[in-house]
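Residues per chain, in single letters:
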Amino acid sequence: MNQPQVVEENTNDHRHQHHLQRKFRFALLFTGVVFLVEVVGGILSNSLALLSDAAHVFSDVLALSISWLAIYLSTRPATHSRTYGFHRTEVFAAFINGISLFVISGWIIYEAVQRFKQPEPVESLAMLVVACIGFTANVLIVWLFHGEGRRNLNVRSAMLHVIGDTLSSFAVIAGGALMYWTNWYVVDPILSCIIALVILIGAWRVAKESTHILLEASPKHADAQTVAKHICSIYPIKDIHDMHIWSLCSNYYALSAHVVLEDHTEESANELRQQITRELQTQFGIFHTTIQIERIACAQQGNLLCNLSHH
């Protein structure tokens, strides 16, 4: 393994985590102010839509807080009882945020049904002004985290909250404008149902991916058969077994395996191990590896996967 390169990558990742924490601090402060503005505006304008959006913003505050805590914990060093550190906390946070998105969507749909039954007049102009403030704030936060969600499932789940609230704020603006000019109050629940559907789709994706990682499944791009075939193409490897591939978090993968060499080979086990490690890093992005080299195969030979039984 090229140790200086690994150290540099770890250092860059650590710096990036601290940079993310600063972004979350700013986003939390900004979102908290928007929440207070929308609560006051909703009460003064008698706007249920604004109060509903304020509740959505409050969920953003919770989501951002959970995600920030998870990122902070992921920078903590490993301990004797937590040998992988706290990397998995970001996935657990993503799972919680994903489930909460389902709850919020259900609440929005429920409120929309109530408004279909009995639309209520509101102070549309005040509603528009406050909604524009919330929309602007959400757009700034989405811009602040642009591109971060591709690397981090936890950040993506938090951003789905904010994006959902951005759409909600836009719906409140559109609905407020229509109500101001036409007094057609039914437009608000129609837009609310559309927003809830968008949030549900995002919630399903986040919950599905976070559950996949929490169950220690292999990364989608690196299933056991694909990785084993690639490793066995390296001379003088003739077999690989007892393989485990799993995700510690959304962008940190690990692998352990037993590798059997051809009979009477003179290859250095240490050099071969380094070659396998380089291949796993460059081809599959797997940087945490444990490779056992065998010249005489153990009892597990022929079984790519280790079938554990509980007694």
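Criteria and thresholds
Residues numbered from 1 in each chain as written. Predicted model: local features only at pLDDT ≥ 70, side-chain atom pairs only at ≥ 80, totals over all residues. Heavy atoms only, no water. Helix = DSSP H or I, 4+ residues; strand = E, 2+ residues; numbered from the N terminus. Buried < 20%, exposed > 50% of the residue type's maximum accessible area, 1.4 Å probe, protein only. Areas by Shrake-Rupley, 256 points an atom, 1.4 Å probe, with all protein chains shown as cover. Arc of directions from axis to C-beta. Contact = heavy atoms within 4.5 Å. Polar contact = N/O pair within 3.5 Å; in protein donor to acceptor, adjacent residues only side chain to side chain. 1 Å grid on protein atoms, 1.4 Å probe; cavity = no way out; pocket = protein on both sides within 12 Å on 5 of 7 lines; lining within 4 Å. Points joined across faces, edges and corners; volume = space filled by probe spheres on them. Nonpolar A, V, L, I, M, F, W, Y, C, P; charged D, E, K, R; others polar. Pairing = 2+ DSSP bridges. Right-handed = clockwise from strand over helix to strand, strands pointing away. pLDDT = per-residue confidence, 0-100. Phe/Tyr/Trp six-rings, centres within 6.5 Å; stacked < 30°, edge-to-face > 60°.

**Overview of the overall build of the protein**
Thought 1: Helix and strand counts for the protein stand at 8 helices and 3 strands.
Thought 2: The linear arrangement of helices and strands in the protein, starting from the amino end, is α-α-α-α-α-α-α-β-β-α-β.
Thought 3: Counting every position in the protein, which comprises 311 residues, the buried fraction comes to 45%.
Thought 4: When the accessible area of the protein is evaluated, it comes to approximately 16600 Å², of which 62% is carbon and sulfur surface.

**Section: helix α7 (residues 224-232)**
Thought 1: Taken as a whole, α7 has its buried residues at Ala224, Val227, Ala228 and Ile231. Buried residues in α7, looked at end-on, bunch into an arc of 100 degrees, giving them a common side. Across α7 from its buried face, at more than 90 degrees, point the exposed residues Gln225 and Lys229.
Thought 2: Packing partners of the buried residues in α7 comprise β1 (237-249), β2 (252-261) and α8 (269-284).
Thought 3: Capping of α7 at its N-terminal end is provided by Asp223; its side-chain oxygen lies 3.2 Å from the backbone amide nitrogen of Gln225.

**Topic: empty space enclosed by the protein**
Thought 1: Using the criterion set out here, one finds 1 cavity of 30 Å³ or more in the structure.
Thought 2: Quantified by volume, the largest cavity comes out at close to 130 Å³.
Thought 3: Along the wall of the largest cavity there are 14 residues; nearest its centre are Ser52, Ile108, Arg115, Ser168 and Ser192.
Thought 4: When the residues that make up the lining of the largest cavity are grouped by side-chain class, the tally is 6 nonpolar, 4 polar and 4 charged.

**A look at the pairing of strand β3 (residues 286-294)**
Thought 1: With 8 bridges connecting them, β2 and β3 associate as parallel partners. Its bridge partner being in β3, Ser256 is matched across the sheet by Thr290.
Thought 2: A crossover connection joins β2 to the parallel β3 through α8; in handedness this β-α-β unit is right-handed.

**Here we look at the confidence of the model for the protein**
The predicted structure's coordinates, where accompanied by low pLDDT, should not be read in detail.
Thought 1: Looking at the protein as a whole, the pLDDT averages 78, with 85% of positions reaching at least 70.
Thought 2: Scored below 50 in pLDDT, residues 3-9 makes 3 contacts in the model with residues more than four places away or belonging to other chains.

**Regarding the environment of His221**
Thought 1: Within the secondary structure layout, His221 lies in the loop between α6 (187-214) and α7.
Thought 2: Accessibility expressed as a relative area gives 38% for His221, which makes it partly exposed.
Thought 3: Separated by 63 residues in sequence, His221 and Phe284 place their C-alpha atoms 7.2 Å apart.
Thought 4: Setting aside anything within four residues of it in sequence, one finds His221 in contact with Tyr253 and Phe284.
Thought 5: Here Phe284 takes part through its backbone oxygen, which lies 2.7 Å from a polar atom of the side chain of His221.

**Some remarks on the packing of aromatic side chains**
Thought 1: Applying the stated rule across the entire model yields 3 aromatic pairs.
Thought 2: With 5.4 Å between their ring centres and 20 degrees between their planes, Phe26 and Phe30 make a pair best called stacked. Separated by 4 residues within a single helix, Phe26 and Phe30 lie in helix α1 (residues 3-45), roughly one turn from each other.
Thought 3: On the accessibility criterion, Phe26 (43% relative accessible area) is partly exposed.
Thought 4: With a centroid separation of 6.0 Å and 45 degrees between ring planes, the pair formed by Phe135 and Phe170 is classed as tilted. Of the two residues, Phe135 is situated in helix α4 (residues 124-144) and Phe170 in helix α5 (residues 153-182); the sequence distance between them amounts to 35 residues.

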